[in-house]
Amino acid sequence: MTAPLLEVSGLETQFATRNGVLKAVNGVSFAVRRGEILGLVGESGSGKSVTGFSLIGLIDPPGRIAAGSVKLEGRELVGLAPQELRAIRGRRISMVFQDPSTTLNPVLTVGVQMRLALEAHARLSRREAQARAIAALERVRIPDPARRLEAYPHQFSGGMRQRIAIAIALLHHPDLVIADEPTTALDVSIQAQILTEMKALARERGTALIWISHDLATISSIADRIAVMYAGRIVESGPTAAVLRDPRHPYTRGLLDSLPAMAPAGTELAAIPGTTPALDHLPPGCPFAPRCFAAQPRCVEDPPEVIAGARGYRCHFPLGAAA
Ligand code: ADP
Ligand code: MG
């Protein structure tokens, strides 16, 4: 049994707001092994992005990591000095965002940006940097890469810009890539292509991937394991096939039932009733209880985290768990 590449335990990230403390991440624990693809899924506002940012020290005041631990191969990252975190970001852990313009500077050519990204962590000659940039663009299937290095971001389509952001994230052969809704802004066919290619790249290199998405269909097509997030907590996790076949948490069941591909043809999709709770006004106990078809009086008490083999869930009345 090898130690995980990344081990997150009891992570709490909070924002001080006018209304009090908002617990965006409220006791999150999970691990990612080398080469594994973990899908983090949940409705908008459930704390997925804040989780991703917390892992690499990108939480700025009024936000702070209030508790917990993030270990990369046993080394604690929470509390590291900014320059130590910078040395890890981009080189050991890198991030791909929904909007590639977060990564790409509009006034620099792609070639200059890639060279700057390379020089941040490696000493290379111009020629070496150029060769590595070309190879990186080839890997993400940018046609005619040597010539395209001279172009500016706006001269590429949205899908191509995202490929370039992915190429930059992969430049230093990181151990872990955190991809936060990287295909959400793209049209469906481009989404599918990028998903497939990124999975292949991760597999080829043994790169671990945390793929964040609000879309369970996307997550199920890429992830080895799924973690379902609700109101700042992971409410269910396990191997993708097992979670899809036989979800334990009523929230996961609800997400599945609202997927077009899962419903028998001609039937109506079942949306989960109600809306996600405000994180600064959470109900007591299970935050999903007010929307849950299986809720009972006991759900006003905090459900314990149950670990059963490769699966975990936080629910007093899990579905099908007796089997
Ligand atoms: P998701 O990515 O799952 O859609 P986020 O992680 O972006 O959700 O947000 C989780 C919660 O944290 C939301 O309620 C959001 O309003 C809050 N939040 C995120 N960033 C900040 C911030 N900089 N200041 C205050 N609240 C924030
Ligand atoms: Mg988000």
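For the structure given in this document, a descriptive report is provided here.

What counts and what doesn't
- Residues numbered from 1 in each chain as written.
- Chains lettered and ligands numbered in written order.
- Predicted model: local features only at pLDDT ≥ 70, side-chain atom pairs only at ≥ 80, totals over all residues.
- Heavy atoms only, no water.
- Near = heavy atom within 4 Å.
- Polar contact = N/O pair within 3.5 Å; in protein donor to acceptor, adjacent residues only side chain to side chain.
- Areas by Shrake-Rupley, 256 points an atom, 1.4 Å probe, with all protein chains shown as cover.
- Helix = DSSP H or I, 4+ residues; strand = E, 2+ residues; numbered from the N terminus.
- Nonpolar A, V, L, I, M, F, W, Y, C, P; charged D, E, K, R; others polar.
- Salt bridge = Lys/Arg side-chain N within 4 Å of Asp/Glu carboxyl O.
- Buried < 20%, exposed > 50% of the residue type's maximum accessible area, 1.4 Å probe, protein only.
- 1 Å grid on protein atoms, 1.4 Å probe; cavity = no way out; pocket = protein on both sides within 12 Å on 5 of 7 lines; lining within 4 Å.
- Points joined across faces, edges and corners; volume = space filled by probe spheres on them.

**Some words on the site of ligand 1**
Surrounding ligand 1, one finds Phe15, Leu22, Ala24, Glu43, Ser44, Gly45, Ser46, Gly47, Lys48, Ser49, Val50 and Leu279. Taking Lys48, its side chain carries an N or O atom lying 2.8 Å from an oxygen atom of ligand 1. At a separation of 2.8 Å, an oxygen atom of ligand 1 approaches a polar backbone atom of Val50. A total of 560 Å² of accessible area belongs to ligand 1 in isolation, and the protein chains cover 63% of it. Sort the elements by how many residues they give to the shell around ligand 1 and helix 1 (residues 48–55) lands first, with 3 residues. Taken together, the residues that form the shell around ligand 1 break down as 5 nonpolar, 5 polar and 2 charged.

**Quick look at the pattern of salt bridges**
A complete count under the given rule lists 17 salt bridges for this structure. The residue Arg291 makes a salt bridge to Glu43 at a minimum N-O spacing of 3.2 Å. With a gap of 248 residues between them, Arg291 in the loop between helix 10 (250–257) and strand 11 (305–308) and Glu43 in the loop between strand 3 (37–41) and helix 1 connect regions that are remote in the sequence. What makes Glu43 partly exposed here is its relative accessible area of 23%.

**What to know about the layout of surface pockets**
If you add up the space inside the largest pocket, you get close to 540 Å³. Listing elements by their share of the lining of the largest pocket, those giving two or more residues are strand 6 (93–96), helix 3 (110–119) and helix 6 (158–170). Within this model, the second largest pocket holds a volume of roughly 470 Å³. Around the second largest pocket sit 24 residues that line it, and Phe30, Ala31, Arg225, Ser237 and Ala310 are the ones nearest its centre. Of all the secondary structure elements, the ones that give two or more residues to the lining of the second largest pocket are strand 2 (20–32), strand 9 (225–230), strand 10 (233–239), strand 11 and strand 12 (311–314). Split into classes, the residues belonging to the lining of the second largest pocket amount to 14 nonpolar, 5 polar and 5 charged.

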